[in-house]
Amino acid sequence: MGQISFIMKAITLLLIFSLFSFQDLFSQDWDKTKLERYFDLIEGEDRAMGSVMLMQNGEVVYYRNFGYADREQKQAIDQESKFRTGSISKTFTSTLIFKTIEEGKLDLGQSIDKFFPELEKADEITISDLLNHRSGIFSLTSQPDYLSWNTEPKNREDLYSIILKGRRVFEPGSKAEYSNSNYVLLTWVLEDIYQKPYSELLAKIISKPLGLENTYVGKAFSPENGEVNSYKFPGKWIQESITDMSIPLGAGAVVSTPQDLSHFIRSLMQGKIISEESLSSMTEIKDNYGRGIFKIPFYEDFAFGHDGGIDGFRSNLSYFPERDLAYCLTLNGVSFDPNQISIAVLSAFFGKEFELPVFKDISLTEEELDKMAGTYAAPGFPLDITIRREHMSLMAQATGQPEFPLEYEEDNKFVFKMANLSLEFFPETEEMSFEQGPLKFMMKKKE
């Protein structure tokens, strides 16, 4: 549901945000030709599916759909297609919390023991700590067995029990670390105060006043309502399993469209939903975290926004206040680093150079890939990394972390660009080199 660490806390992986920047002066006259070619290549090579939108001064200045809402039925994505937004939901939840504060029903600095007396150190954790991930509460989506139960319905008692059993990560307020549990708890705070479901609060306070007709809390997957399937690509496109929306709640259960999302972020940042004082508090950055929002540099300018990831969905939503520019990317399948798409779109709009994608077909056989499979470890490296073949691709997974696909580079070298991770295999010695920035380890296959 966004900001998921694919390796470990000991190695900081910024998987969600590329730090965009720009320096050229804004111009309304921009050349869409190369950008259209970029998406033609992606679509022609069948490497991603989704929609992208740029909205300036409230008007759509670029919009492109690519790929399928349903690959099996060859149903193309269109302007009615609805995507699960993952952790962009957190910005909606934070907005609802600030509305509650403005109504005098909640205080940013109040402790959460009134709502969750059973939670360890609840008397030291504040609403603000939940909003900017300073609570120290373990993320329920980081449970080692999460992917074994995420497709099953869970009630509040079930989820609360999982959160209570999670280990404490750090002392409240001492630092920031992303946790989906924070926003599940904030969902329940809202429901307890108003005695209404989160879905009703979202509709009443945000969706209906703004005319967001396609923005709501997801329930059972609904293709008849325009919701799209999501896919993963381990050598070929495979439909992803579907997380039950009773689990992510206000941390990741919102469904929407690029048009609605762009309108929402613009309205929020222009003070049309919460007060200027609340917006200032929401966008206050500490240890790189705002309250349900992040600040994203782009050369000499910046945007505020959030990303999302759930099942095969990936999304990014941001707003450049000085340009009155909203950017939205919603994907329901991608086989390469989705940040590269955002870089291309924003670079095109602001007149910066960007590279057209080059996709490499794997030149190895199944037998050669099988020789790379196994569990690798190294002295001084805190986790094991397990490699397995799925069709004609390699999948990697660190101990207790979600599995992620490796992209073929050349020879026996594979990369995971979102984490700046490079792995090179030496089947003859059963070794694997691990490189991530300055970190380098030679890992040995375990017997």
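The model shown is predicted, which means the values in this text are computed figures rather than measured ones.

Our focus in this paragraph is the sheet that holds strand S12 (residues 313-320). Here we have six strands laid out as an open sheet, ordered S2-S1-S13-S12-S11-S10, and antiparallel in their pairing. Edge strands, defined here as strands with exactly one partner in the open sheet, are strand S2 (59-66) and strand S10 (294-298). Ignoring strand direction, the axes of neighbouring strands in this sheet form an average angle of 20°. As paired strands, strand S1 (residues 48-56) and S2 are joined by seven bridges and run antiparallel to one another. In the strand pairing of S2, Met-55 is matched with Val-60. Those strands touched by helix H1 (residues 33-44) are S1 and S2, and its axis lies near 20° from that of S2.

Summing up the model confidence of the chain, the mean pLDDT is 91 and the portion of residues at 70 or higher is 94%. Note that pLDDT drops below 50 for residues 3-27; the model gives that stretch 89 contacts with residues more than four away or on any other chain.

Our next topic: the packing of aromatic side chains. All chains considered together, the criterion is met by 28 aromatic pairs. On the numbers, 5.0 Å between centres and 85° between planes, the contact of Tyr-146 with Trp-149 is edge-to-face. Note that Tyr-146 and Trp-149 are positioned in helix H4 (residues 146-149) at a spacing of three residues, about one turn of the helix. An angle of 70° between the planes, with centres 6.4 Å apart, marks the rings of Phe-434 and Phe-441 as edge-to-face. By way of ring pairs, the aromatic residues Trp-30, Tyr-38, Phe-39, Tyr-62, Phe-66, Phe-298, Tyr-299, Phe-320, Phe-349, Phe-350 and Phe-354 are connected into one cluster. Positioned over the ring face of Phe-302 is Lys-295, at 4.4 Å from the centre of the ring. Sitting over the face of the ring of Tyr-299, Lys-352 holds its NZ or CZ atom 4.6 Å from the ring centroid.

Glancing now at the layout of surface pockets. A volume near 270 Å³ is recorded for the second largest pocket. Contributions of two or more residues to the lining of the second largest pocket are made by helix H6 (180-194) and helix H7 (198-210). Considering each element in turn, the lining of the second largest pocket owes the most residues, three residues, to H6.

Moving on to empty space enclosed by the protein. Taken as a whole, this structure holds two cavities of 30 Å³ or more when the rule is applied. Here the residues of the lining of the largest cavity are counted per class, giving four nonpolar, three polar and three charged. In this structure, the second largest cavity occupies an estimated 30 Å³ of space. Lining the second largest cavity are Lys-90, Leu-131, His-133, Tyr-183, Tyr-289, Gly-290, Gly-292, Ile-293, Phe-294 and His-306. Here the residues of the lining of the second largest cavity sort into five nonpolar, four polar and one charged.

This part takes up the packing of helix H5 (residues 156-165) against H6. Where H5 meets H6, the axes come as close as 11 Å, and the angle between the chain directions of the two elements is 135°. Between H5 and H6, the angle falls in the class oblique. Note that H5 runs across H6; the crossing there is left-handed. Taken together, the residues of H6 that come into contact with H5 (itself represented by Arg-156, Leu-159, Tyr-160 and Ile-163) are Ser-181, Val-184, Leu-185, Trp-188 and Asp-192. For the contact of H5 with H6, the class distribution of residues is six nonpolar, one polar and two charged.

Thresholds applied
- Here the residue numbers are simple positions, counted from 1 along each chain's written sequence.
- Note on the predicted model: pLDDT of at least 70 is required for a residue's local features to be given, and 80 or more for side-chain atom pairs to be given and counted; whole-chain, interface and lining totals, by contrast, use all residues.
- Heavy atoms throughout the structure, all of them, feed into the side-chain values; hydrogens and water do not.
- Between any two strands, at least two bridges found by DSSP are needed for them to pair.
- Helix numbering and strand numbering both begin at the N terminus, where a helix is a DSSP run of H or I of at least 4 residues and a strand a DSSP run of E of at least 2.
- Each axis is a line fitted through C-alpha atoms, taken for helices only over the stretch in contact, and angles between the N-to-C directions span 0 to 180 degrees.
- Contact between two residues is taken to exist if any of their heavy atoms lie within 4.5 Å; hydrogens are not considered.
- Across the chain, each position has a pLDDT score giving the predictor's confidence in that residue, from 0 to 100.
- Pairing of aromatic rings covers Phe, Tyr and the six-membered ring of Trp, with a centre-to-centre limit of 6.5 Å; geometry is then stacked below 30 degrees between planes, edge-to-face above 60, and tilted otherwise.
- Two conditions define a charge sitting above a ring: the NZ of Lys or the CZ of Arg must be within 6 Å of the ring centre, and it must be within 35 degrees of the ring normal.
- Throughout, the protein atoms alone are placed on a 1 Å grid, and a set of points is a cavity if a 1.4 Å probe fits but cannot get out or a pocket if it is open with protein on both sides within 12 Å along at least five of seven lines; lining residues have an atom within 4 Å of a point.
- Grid points are joined across faces, edges and corners, and a volume is the space filled by probe spheres set on the points.
- For this classification, Asp, Glu, Lys and Arg are treated as charged, while Ala, Val, Leu, Ile, Met, Phe, Trp, Tyr, Cys and Pro are nonpolar and the rest, including Gly, are polar.
- Each angle is binned into one of four classes, with values under 35 degrees roughly parallel, values over 145 roughly antiparallel, values of 65 to 115 roughly perpendicular, and all other values oblique.
- Helix crossings are classified by the rotation of the near helix relative to the far one: an anticlockwise turn of less than a right angle makes the crossing left-handed, while a clockwise turn makes it right-handed.

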